[in-house]
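Geometric and topological summary
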Amino acid sequence: MIALLLGHPKARVGFAILIGFVLLGALGPWVVVDPLAYLARPHEPPSSAHWLGTTGQGQDVLAQLVGGTRVTLVVAFTVGVVVTVIGAIVGTTAAYFGGRIDDLLSLIINVFLVIPGLPLAVVIAAYMPASPFTITLVLVFTGWAWNARIVRSQALSLREREFVAAAIVGGESHVRVIVAEILPNMTSLLASCFISATVYALGAAVGLEFLGLGDIGMVTWGTTLYWANNDAALLTGAWWMFVPTGLCIALVGYALVLVNFVVDEVSNPRLRGEQHWRDVLGRTALTPMTATPVMRQP
Amino acid sequence: MRFVLRRLGFYVLAAWVAVTLNFLLPRIMPGDPASAMFARFQGQLQPEAVAALRETFGFTDASLAEQYWTYLVHMFHGDLGISIAYFPSPVVEVIGTGLFWTLVLAGSSLVVSFALGTLLGVLAAWHRTSAFGRLLPPLLLFVGAFPYFWLAMLALWLFGFTLGAFPLRHAYGEFVEPGWTLEFLASAIRHAILPATTIVLATMGNWLLRMRNNMTAVLGEDYIAFACAKGLPAGRILFHYAARNAMLPSMTGFGMALGLVVSGSLLTEIIFAYPGQGYLLIQAVRSQDFPLMQGVFLTITLAVLVANWLVDLAYVWLDPRMRSSG
């Protein structure tokens, strides 16, 4: 599947950006100066000594940006993985067993979906000790339902297929049918669930830390923005304190969205056919019709 | 009708879950935050008053079930406790001042974003081979990848601070008397433009993409090909045949997105010091004002539930099939 994805330029760009940031998070802290050290006068604009200027406390902004990458990415990806796993388990269980179990699980999923996540996350996080672990836990608690719902609806249609019926008649256990028959047929859906969950977690983690619910003594992208707001970066015109951090968040988010785009394109025959259709028509100098073509790739 | 009532039942249940979570959280968290919360009152109040407060909140030695009952009774009387940050105002009073502004800001930006994004999605699906259809969705997705509040910071710095074109904070001018006067409305609108625009920009991409995908699916249907073959004008096919049907899944998403948009607008409010729920929320976090935080959580949840129910009503109106079947 990875090879199929890499055939698309969009996915290549997305993967390149992601790998770049993962390397930055893994290796960066050894390259830059201590992000918490007070090195220069506060609120200094970018210069040759401090490429991205200094914070309101005279710390190096570039060092904070690089130093914050690791924790931020680890939190985002962990939430992404856990949320996808929970979503897969709850969603397939509900769809596979149906009846009362489905009613109950669907009800729980829907209740969690309809309660707004951020205010709930704030209330929970405020009662717990401030740390990246707390943020991860809170985001999993408030964010798992979306994936469970998506997985459930896909599993419902797989449940009706002959091969699932055959497996049940063949005497395979419930767990085996779910894990070996249903889940492998949803790989692309799970991949896209994981990506959306990671994007959500990235934004939400930064948002919570920005509110001051993270460990404000640590360096992460969210706390950097928290301090930028607290030290009145906006009212002193210190754009270098928040612009680079936001750009990094958006780049990671966008890279994930790009990959998701291609996952969609690869797994949705309608979207896959369209490019080929256009190529064929271009050769015969015809303009494509308005209706979406449905065709098999040669 | 049955559908509407069933949904109402569901929202009542969701509200009960939210209220119960609100009750349980301070009691199951490690480190007894309830005591920490009352410890903050200590300097300001007589010990007897603190004891009385404990009683009001239901933090007594009584069994959990009894505490729960006291709490529910207080909830029904609209008693959410006393705010610490705005001591000694009751939480309900403090929240009352902010709710109006949040509803205005989040509500209007949500409607604008949905309408604009959906319309652009229709056009992007129709012109999907042109530069417009190819470049707009990725561009808006990129904008949508920024955290809301970061876009707000950028907008505030660029248009408010550097260019001075828009006011920097609050919902209306300092010297304007609140009321239904032209002057006040003009000032309120001027203050709302920047925050609302950032929310619209950040959320529009999702609507566009969803609508474009629905549209591509609907445009592949036979009845569209038939309409094309009949020679109907493009505008009629687009809006009367395709868009109406493609909009239904977007409408279901509308209810779900509500919570997200409200969450995002809370953060945007903080940047603009817009006196809504978000601003109260950060005051509450800064001063560890747990009653206020929980009050904000409850009111926002209730508002979202009510709005969801209204969306369900709209859905029944849009989709005739819902009217006859359960």
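Residues numbered from 1 in each chain as written. Chains lettered and ligands numbered in written order. Predicted model: local features only at pLDDT ≥ 70, side-chain atom pairs only at ≥ 80, totals over all residues.

1. Re the overall build of chain B
On a plain count of helices and strands, chain B comes out with 13 helices and 0 strands. Beginning at the N terminus, the succession of helices and strands in chain B can be written as α-α-α-α-α-α-α-α-α-α-α-α-α. Burial statistics for chain B: of 326 residues in total, 43% are counted as buried. (Helix = DSSP H or I, 4+ residues; strand = E, 2+ residues; numbered from the N terminus. Buried ≥ 20, exposed ≤ 12 C-beta atoms within 10 Å, placed from the backbone.)

2. Some thoughts on the overall build of chain A
Counting its regular elements, chain A contains 12 helices and 0 strands. Counting only residues that meet the buried cut, chain A has 45% of its 298 residues in that class.

3. Structural notes on the interface of chain A and chain B
In this assembly, 44 residues from chain A lie in contact with 50 residues from chain B. When contributions to the side of chain A that touches chain B are tallied by element, the ones reaching two or more residues are helix H4 (99-114), helix H5 (117-127), helix H9 (187-210), helix H11 (243-267) and helix H12 (269-283) of chain A. Ranked by residues supplied to the side of chain A that touches chain B, first place goes to H5(A) with 9 residues. For the side of chain A that touches chain B, the residue count by class is 32 nonpolar, 10 polar and 2 charged. (Contact = placed C-beta atoms within 7 Å. Nonpolar A, V, L, I, M, F, W, Y, C, P; charged D, E, K, R; others polar.)

4. Here's the deal with H4(A)
In a regular helix each residue adds 1.5 Å, so 16 residues correspond to 22 Å; H4(A) covers 22 Å between its end C-alpha atoms and thus fits that length. Buried within H4(A) we find Ile109(A), Phe112(A) and Val114(A). (Expected span 1.5 Å × (residues − 1).)

5. Considerations on the nonpolar core
Residues Ala121(A), Val122(A), Ala201(A), Ala205(A) and Met293(B) are the most contacted members of the largest nonpolar core, which totals 169 residues. If sequence neighbours within four positions are ignored, Ala121(A) has contacts with Val138(A), Leu139(A), Thr142(A), Ala204(A) and Leu208(A). (Core = buried A, V, L, I, M, F, W, Y, C linked by C-beta atoms within 7 Å.)

6. Observations regarding helix H4 (residues 64-76) of chain B
The end-to-end C-alpha separation of H4(B) is 18 Å, in line with the 18 Å expected for 13 residues at 1.5 Å each. Following H4(B) by one or two positions, Gly78(B) has its phi on the positive side, about 70°.

7. Observations concerning the packing of helix H7 (residues 148-162) of chain B against helix H8 (residues 182-219) of chain B
Residue and element names in this part refer to chain B. Interaxial distance between H7 and H8 falls to 9 Å at its minimum, and their mutual angle equals 135°. Here H7 is positioned oblique relative to H8, judged by the angle of their axes. The chirality of how H7 crosses H8 is right-handed. Every residue of H8 that contacts H7 at Tyr148, Leu151, Ala152, Ala155, Leu156, Phe159 and Gly160 is listed here: Leu194, Pro195, Thr197, Thr198, Ile199, Leu201 and Ala202. Residue classes in the contact of H7 with H8 are distributed as 11 nonpolar, 3 polar and no charged. (Axes fitted to C-alpha atoms, helices over the stretch in contact; angles between N-to-C directions. Parallel < 35°, antiparallel > 145°, perpendicular 65-115°, else oblique. Left-handed = near helix turned anticlockwise from the far one by under 90°.)

8. Focus: the domain arrangement of chain B
Residue and element names in this part refer to chain B. According to the domain assignment, chain B contains domain 1 (2-76) and domain 2 (97-324). Every contact between the two is made by 14 residues of domain 1 and, on the other side, 14 residues of domain 2. Where the side of domain 1 that touches domain 2 is concerned, the elements lending two or more residues are helix H1 (2-28) and helix H2 (33-39). Here the side of domain 1 that touches domain 2 gets 11 residues from one element, more than from any other, and that element is H1. Grouping the constituent residues of the side of domain 1 that touches domain 2 by class yields 11 nonpolar, 1 polar and 2 charged. (Domains from an automatic or database assignment.)

9. Topic: the packing of helix H2 (residues 9-31) of chain A against helix H3 (residues 61-97) of chain A
Residue and element names in this part refer to chain A. For the pair H2 and H3, interaxial distance at closest approach is 8 Å and the crossing angle is 120°. Viewed along their axes, H2 and H3 adopt a mutual orientation that is oblique. Pair H2 / H3 crosses with left-handed handedness. Two secondary-structure elements touch here, H2 through Phe21, Val22, Leu24, Gly25, Ala26, Gly28 and Pro29 and H3 through Val66, Gly67, Thr69, Arg70 and Leu73. Here the residues of the contact of H2 with H3 are counted per class, giving 7 nonpolar, 4 polar and 1 charged.

10. A few points about unusual backbone geometry
Residues and elements named next belong to chain B. Here the phi dihedral of Ala273 falls at roughly 50°; this positive angle occurs in a residue that is not glycine. For Ala273, the position within the fold is in the loop between helix H10 (234-271) and helix H11 (277-286). Overall, the presence of 14 C-beta atoms within 10 Å leaves Ala273 in the partly exposed class.

11. Re the environment of Pro9(A)
Residues and elements named next belong to chain A. With respect to the helices and strands, Pro9 occurs in helix H2. Judged by local crowding, Pro9 falls into the exposed class, with 10 C-beta atoms found within 10 Å. A sequence separation of 127 residues divides Pro9 from Thr136, and the C-alpha atoms of the two residues are 32 Å apart.

12. Quick look at the environment of Arg134(B)
Relative to the helices and strands, Arg134(B) is located in helix H6 (residues 131-145). Sequence separation of Arg134(B) and Ala124(B) is 10 residues, and the distance between their C-alpha atoms is 7.6 Å.

13. Some words on the environment of His170(B)
Take His170(B): it is sitting in the loop between H7 and H8. Taking the C-beta count within 10 Å as the criterion, His170(B) has 16 such neighbours and is therefore assigned partly exposed.

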